[in-house]
Amino acid sequence: MEACGDQSVSPVGWPASNDLLRGNLASHGDDGIVTREVSHFCYPDPLLSDALAQNDVMAVFDEKAFSVSVLPSDDGGPDWLEMVHHSEVASVRFDMVTEWFLLRLSSLGWVYDGWSCSVIPASGAEME
């Protein structure tokens, strides 16, 4: 799985941060055009006391046909959410999805923490 990029370069969710992840995929021979399972991650903004409840956030993404699951915190902090869908990751269309995540989650009092996916090299064989 690919980890999220260096957040000091560009805020997570914007095309420039996606380009960092796509560059990482490319270094493994993956151009990002093959559809694959993509996971997006978020957590409640710790600076806000009025963040929308976890179940309500889950409902927003369920309505958009994302598979949503809870990732229990292992450090006593709030649980995270993982939203999964199938997509390519190379296009402007995908950039629009991550921008939507960033903006929509922010409006709900949650923080978008980026995305990850498997590497699929030009041969089409999936790598972990």
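Whatever comes next refers back to the structure up there.
Residues numbered from 1 in each chain as written. Predicted model: local features only at pLDDT ≥ 70, side-chain atom pairs only at ≥ 80, totals over all residues. Heavy atoms only, no water.

### Points about the sheet that holds strand β3 (residues 80–87)
Across the sheet, 4 strands lie side by side as β2-β3-β1-β4; this open sheet has antiparallel pairing. If you trace the sheet from one side to the other, it starts and ends with β2 (67–71) and β4 (110–117), each paired once. Going across the sheet, the axis of each strand differs from the next one's by a mean of 25 degrees, ignoring polarity. Pairing of strand β1 (residues 36–44) with β3, which is carried by 7 bridges, proceeds in the antiparallel orientation. Counterpart to Glu-37 in the pairing with β3 is His-86. Strand contacts of helix α3 (residues 92–108): β1, β3 and β4, with the helix running at about 155 degrees to β4, the strand carrying the most contacts. (Pairing = 2+ DSSP bridges. Helix = DSSP H or I, 4+ residues; strand = E, 2+ residues; numbered from the N terminus. Axes fitted to C-alpha atoms, helices over the stretch in contact; angles between N-to-C directions. Contact = heavy atoms within 4.5 Å.)

### Things to note about the packing of aromatic side chains
Scanning all chains against the criterion turns up 9 aromatic pairs. When the ring of Phe-61 is compared with that of Phe-66, the centres are 6.0 Å apart and the planes differ by 70 degrees; the resulting orientation is edge-to-face. Each member of the pair, Phe-61 together with Phe-66, is buried. Measuring from centroid to centroid gives 5.4 Å for Phe-101 and Tyr-112, while their planes differ by 20 degrees, and the two rings are stacked. Linking Phe-101 in helix α3 with Tyr-112 in strand β4, this pair joins segments that are 11 residues apart in sequence. Like Phe-101, the residue Tyr-112 is buried in the burial classification. Through a chain of ring-to-ring contacts, the aromatic side chains of Phe-61, Phe-66, Trp-100, Phe-101 and Tyr-112 assemble into a single cluster. (Phe/Tyr/Trp six-rings, centres within 6.5 Å; stacked < 30°, edge-to-face > 60°. Buried < 20%, exposed > 50% of the residue type's maximum accessible area, 1.4 Å probe, protein only.)

### Digging into the pattern of salt bridges
Side-chain pairing between opposite charges can occur once the charged atoms of the two side chains come close. Summed over all chains, the structure comprises 3 salt bridges. One salt bridge connects Arg-22 with Asp-19, and the closest N-O pair in it is separated by 2.7 Å. Pair noted here: Arg-22 and Asp-19 are both in helix α1 (residues 15–26), with a separation of 3 residues, about one helical turn. By relative accessible area, Arg-22 is classed as buried at 13%. Taking relative accessible area as the criterion, Asp-19 reaches 45% and is therefore assigned partly exposed. Here Arg-22 and Asp-95 are joined by a salt bridge, their closest N and O atoms 2.9 Å apart. One end of the pair, Arg-22, is in helix α1; the other, Asp-95, is in helix α3, with 73 residues separating them in the sequence. (Salt bridge = Lys/Arg side-chain N within 4 Å of Asp/Glu carboxyl O.)

These figures come from the coordinates and say nothing about function on their own.
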